[in-house]
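Single-letter residue listing:
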Amino acid sequence: MYAITDGPRPDLLDVVAQALAGGARLLQYRDKSADEARRHAEAVALRQLCTTHAVLLIINDDVALAQVVAADGVHLGRDDDDIAAARAVLGEDAIIGVSCYDSLTRAQIAARSGASYIAFGAFFASPTKPLAPHAPLDLLRQSAALGVPRVAIGGITPDNAASLVEAGADYLAVISAVFGATDVRAAARRFAHLYPQD
């Protein structure tokens, strides 16, 4: 399970700790606000939390913040830095994920350019991005030969996720179905249990 935070909230560290305890394997810090001081402080605290839980920390869209807090990597969207530029800053070992939306062509280019993983979505109606293009399930099968992990995102719940796992999603990226849940740890555990437990 790939947990993605949902912007400014006073209980951020508490709910992230619950998600990690519930079985999240990746955490993306996603905060589109302009409060740089708060974002930096939160990213530092999340770095420590992820280290404690042996979970990888990815920063959404902000290569500079990822560098300064020594995050494990960055996630890039359509309007962000390119992969080579991000890797030049973060180093060869950095995880660089790329949003590919509903485009196999974009995924092919990203894989050739050195993306660590590719993300497709939205597979279902997304409360976070209601206008996101719909990604067909077959994209996960068509992209199997690219040789990089595939992330599914967009409106995923424990009840609709099995089809994505079956189609080849290596990670399920989830925002509202975990961080909007009454019991965040239990919600995370439901997603984690969709994959064989090691």
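Our subject is the structure listed above.
This report concerns the structure included in the present document. Source: prediction; values computed, not measured.

### Thoughts on the packing of helix H1 (residues 12-21) against helix H9 (residues 184-192)
Interaxial distance between H1 and H9 falls to 7 Å at its minimum, and their mutual angle equals 35°. H9 is crossed by H1, and the crossing has right-handed handedness. Residues Val 15, Gln 18, Ala 19 and Ala 21 of H1 form the contact with H9, whose own contacting residues are Val 184, Arg 185 and Ala 188. Here the residues of the contact of H1 with H9 sort into five nonpolar, one polar and one charged.

### Quick word on helix H5 (residues 104-112)
Among the residues of H5, Ala 107, Ala 110 and Ala 111 are the ones counted as buried. The buried residues of H5 occupy an angular sector of 95° when projected down its axis, which confines them to one face. Against the buried residues of H5 lie helix H4 (83-90), strand S5 (95-101) and strand S6 (117-120). Two or three places before Thr 105, at the opening of H5, Ser 103 has a side-chain oxygen 3.4 Å from that residue's backbone nitrogen.

### Observations regarding the environment of Asp 6
As for its position among the elements, Asp 6 is in the loop between strand S1 (2-4) and H1. Its relative accessible area of 31% is what places Asp 6 among the partly exposed residues. Through-space distance from the C-alpha of Asp 6 to that of Ser 176 is 7.4 Å; in sequence the pair is 170 residues apart. Excluding its chain neighbours within four sequence positions, the residues that come into contact with Asp 6 are Arg 30, Ile 175 and Phe 179. A polar contact is formed between the side chain of Asp 6 and the side chain of Arg 9, at a distance of 3.2 Å.

### A word on the packing of H1 against helix H2 (residues 36-53)
In the contact formed by H1 and H2, the axes pass within 11 Å of each other and the chain directions differ by 25°. Here H2 runs roughly parallel to H1, going by the angle between their axes. By crossing handedness, the relation of H1 to H2 is classed as right-handed. Contacts between H1 and H2 involve Leu 12, Leu 13, Val 16, Ala 17, Leu 20 and Ala 21 from the first element and Glu 42, Ala 45, Leu 46, Leu 49, Cys 50 and His 53 from the second.

### What about H9?
By the burial criterion, the buried members of H9 are Val 184, Ala 187, Ala 188, Phe 191 and Ala 192. All buried residues of H9 fall inside an arc of 140° around its axis, so they share one side. Looking at the buried positions of H9, the neighbouring elements they touch are H1, strand S8 (171-174) and helix H8 (176-179).

### A look at the layout of surface pockets
Each pocket or cavity is described by its volume, and for the largest pocket that value is around 590 Å³. Of all the secondary structure elements, the ones that give two or more residues to the lining of the largest pocket are S1, S5, S6, S8 and H8. Lining of the second largest pocket is provided by 10 residues; of these, Met 1, Arg 25, Ala 192, Tyr 195 and Pro 196 occupy positions nearest its centre. For the lining of the second largest pocket, the residue count by class is five nonpolar, two polar and three charged.

### Considering the sheet that holds S1
Overall, parallel pairing links the eight strands, which are arranged S1-S2-S3-S4-S5-S6-S7-S8 in a closed barrel. Put simply, the sheet's adjacent strands are angled 25° from each other on average, direction ignored. The pairing of S5 with S6 spans four bridges and is parallel. Paired with Val 98 across the bridge in S6 is Ile 118. Lying over the sheet, H4 contacts strand S4 (73-76) and S5, oriented at roughly 165° with respect to S4.

### Notes on the environment of Gly 77
One can find Gly 77 in the loop between S4 and H4. Setting aside residues up to four positions removed in sequence, Gly 77 forms contacts with Asp 61, Ser 99, Tyr 101 and Arg 106.

### Some details on unusual backbone geometry
Of note, the bond from Gly 121 into Ala 122 is cis; its omega dihedral lies within 30 degrees of zero at 15°. Its place among the elements puts Ala 122 in the loop between S6 and helix H6 (138-142). In this structure, Asp 61 is a non-glycine residue whose phi angle is positive, near 70°. With respect to the element layout, Asp 61 can be found in the loop between strand S3 (56-60) and helix H3 (63-68).

Scoring rules and cut-offs
Along each chain, residues carry numbers from 1 onward, in the same order as the chain's sequence is written. Thresholds applied to this predicted model are a pLDDT of at least 70 for local features of residues and 80 or more for the giving and counting of side-chain atom pairs; totals over whole chains, interfaces and linings are not thresholded and use all residues. Note that water and hydrogens are dropped before the side-chain values are worked out from all heavy atoms of the structure. Helix axes are fitted to C-alpha atoms over the stretch in contact, other axes to C-alpha atoms as well, and angles between N-to-C directions run from 0 to 180 degrees. The secondary structure listing takes helices from DSSP runs of H or I that are at least 4 residues long and strands from runs of E that are at least 2 residues long, numbered from the N terminus. Here a crossing is called left-handed whenever its near helix is offset anticlockwise from the far helix by less than a right angle, and right-handed whenever the offset is clockwise. Contacts are assigned to residue pairs that have any heavy atoms within 4.5 Å of one another. Classification convention: Asp, Glu, Lys, Arg as charged; Ala, Val, Leu, Ile, Met, Phe, Trp, Tyr, Cys, Pro as nonpolar; all other residues, Gly among them, as polar. For every residue, the accessible area (1.4 Å probe, protein chains only) is compared with the maximum for its type, and the residue is labelled buried under 20%, exposed over 50%, or partly exposed between those bounds. Summarising the geometry, the arc corresponds to the directions from the helix axis toward the C-beta atoms. Residues adjacent in sequence count toward polar contacts only when both atoms are side-chain atoms; beyond that, a polar contact is any pair of N or O atoms within 3.5 Å, and within protein one must be able to donate a hydrogen and the other to accept it. Small angles under 35 degrees read as roughly parallel and large ones over 145 as roughly antiparallel, with 65 to 115 read as roughly perpendicular and the rest as oblique. Cavity means a closed set of points on a 1 Å grid over the protein atoms alone, one where a 1.4 Å probe fits but cannot get out, pocket means an open set with protein on both sides within 12 Å along at least 5 of 7 lines, and lining means a residue has an atom within 4 Å of a point. Grid points are joined across faces, edges and corners, and a volume is the space filled by probe spheres set on the points. Two strands make a pair as long as DSSP finds a minimum of two bridges between them.

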